[in-house]
Amino acid sequence: MNGLFAGLLAIGLGLGVTAWADTDSSTPSTPSPETILTVSGMVDGNDAIDVLKLDRAMLMKMKQTEFGTTTIWTNGVQKFRGVPLLHLLNETMVNGERIVAYAINDYSIEIPLTDISEEAPIIAYERNGKPMSVRDKGPLWIVYPYDSSPKYRTETIYTRSIWQLDRIEVVN
């Protein structure tokens, strides 16, 4: 672990609100008012539910990956940049059996943690070098490198490719 979340703090009235540890002067200690992703669930075996709120700058400080791929929702090869979902889950020290990812309109999907790898999926925050607007499937989109393997071109994977992502809950 690189220390970004090394000093997770739980505060609040029975519901923990997790903030970043201020490990260096360039790492924000709390999200800006423009939170774009909320991650909640069991943290490090604790029975209390913790909540981590992330803004775009916080996501950009994490491990990055990018790839080009076609999708069934767009035309031509699209270049996506974002944070590997596995990295985000490992850094936040959440544990459970699956995630439930929610879109802004409360549409939700489930992904077993066993189906999340170093390679895929990512939480993309840029498409073709630009931030994605809500109107353009943003600000966040769970994306797989569909062209890299037939295993990413299945109905199951397509249903897990949720756009307008705004929160993730890790559950048992």
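These notes cover the structure that comes with them. (Residues numbered from 1 in each chain as written. Predicted model: local features only at pLDDT ≥ 70, side-chain atom pairs only at ≥ 80, totals over all residues. Heavy atoms only, no water.)

Topic: the layout of surface pockets
When its volume is computed, the largest pocket comes out at roughly 170 Å³. Lining the largest pocket we find Ile72, Trp73, Ala103, Asn105, Tyr107, Glu155, Tyr158, Thr159, Ser161, Ile162, Trp163 and Gln164. The dominant element in the lining of the largest pocket, judged by the number of residues it contributes, is helix H3 (residues 155–160), at three residues. (1 Å grid on protein atoms, 1.4 Å probe; cavity = no way out; pocket = protein on both sides within 12 Å on 5 of 7 lines; lining within 4 Å. Points joined across faces, edges and corners; volume = space filled by probe spheres on them. Helix = DSSP H or I, 4+ residues; strand = E, 2+ residues; numbered from the N terminus.)

Details of the packing of aromatic side chains
In the structure shown here, the tally under the stated rule is ten aromatic pairs. On the basis of an interplanar angle of 90° and a centroid distance of 5.9 Å, the ring pair of Trp73 and Tyr158 is categorised as edge-to-face. Of this pair, Trp73 sits in the loop between strand S5 (65–69) and strand S6 (78–84) while Tyr158 sits in helix H3, and the two are 85 residues apart along the sequence. The class for Tyr158 is buried, based on a relative accessible area of 18%. Between Trp141 and Trp163, the ring centres sit 5.7 Å apart and the planes meet at 80°, which makes this aromatic pair edge-to-face. Of this pair, Trp141 sits in strand S12 (residues 141–143) while Trp163 sits in the loop between H3 and strand S13 (165–171), and the two are 22 residues apart along the sequence. Three or more aromatic residues link up through ring pairs in this structure, and these residues are Phe67, Trp73, Phe80, Trp141, Tyr144, Tyr146, Tyr152, Tyr158 and Trp163. For the cation-ring pair, Lys137 lies above Trp163, with the distance from its terminal atom to the ring centre recorded as 4.6 Å. (Phe/Tyr/Trp six-rings, centres within 6.5 Å; stacked < 30°, edge-to-face > 60°. Buried < 20%, exposed > 50% of the residue type's maximum accessible area, 1.4 Å probe, protein only. Lys NZ or Arg CZ within 6 Å of the ring centre and 35° of its normal.)

Let's talk about unusual backbone geometry
In this model, Ala120 is joined to Pro121 through a cis peptide bond whose omega is 0°. If you trace the backbone, Pro121 turns up in the loop between strand S9 (108–112) and strand S10 (122–127). Of the consecutive residues Gly138 and Pro139, the connecting peptide bond is found in the cis state with omega at 10°. Residue position: Pro139 is located in the loop between strand S11 (130–131) and S12. Within the chain, Gln164 stands out as a residue other than glycine whose phi angle is a positive 55°. Tracing the chain through its elements places Gln164 in the loop between H3 and S13. Judged by relative accessible area, Gln164 falls into the buried class, the value being 18%.

Quick word on the side chain of Thr71
Tracing the chain through its elements places Thr71 in the loop between S5 and S6. Taking relative accessible area as the criterion, Thr71 reaches 9% and is therefore assigned buried. A polar side-chain atom of Thr71 sits 3.0 Å from the main-chain amide nitrogen of Trp73. Polar side-chain contacts of Thr71 include one of 2.6 Å to the side chain of Thr74. Apart from the residues lying within four places of it in its own chain, the contact partners of Thr71 are Phe80 and Tyr146. (Polar contact = N/O pair within 3.5 Å; in protein donor to acceptor, adjacent residues only side chain to side chain. Contact = heavy atoms within 4.5 Å.)

Here's the deal with the nonpolar core
Counting 41 residues, the largest nonpolar core has Leu37, Leu59, Leu88, Leu165 and Ile168 as the members making the most contacts within it. Apart from residues no more than four positions distant in its own chain, Leu59 is found in contact with Ile36, Leu37, Leu54, Gln64, Val83, Leu88, Tyr125 and Leu140. (Core = buried A, V, L, I, M, F, W, Y, C linked by side-chain atoms within 4.5 Å.)

Let's talk about the pattern of salt bridges
In this structure the tally under the stated criterion is nine salt bridges. When the shortest N-O distance is used, the salt bridge between Arg167 and Asp106 registers 2.4 Å. Placement of Arg167 in strand S13 and of Asp106 in the loop between strand S8 (98–103) and S9 is noted, with a sequence separation of 61 residues between them. (Salt bridge = Lys/Arg side-chain N within 4 Å of Asp/Glu carboxyl O.)

Here we look at the pairing of S9
Of the two faces of S9, the one holding Ile109 and Ile111 is buried and the one holding Ser108, Glu110 and Pro112 is not buried anywhere. Between S8 and S9, which pair antiparallel one after the other, the connecting turn spans four residues, and Asp106 there sits at a positive phi close to 75°. (Pairing = 2+ DSSP bridges.)

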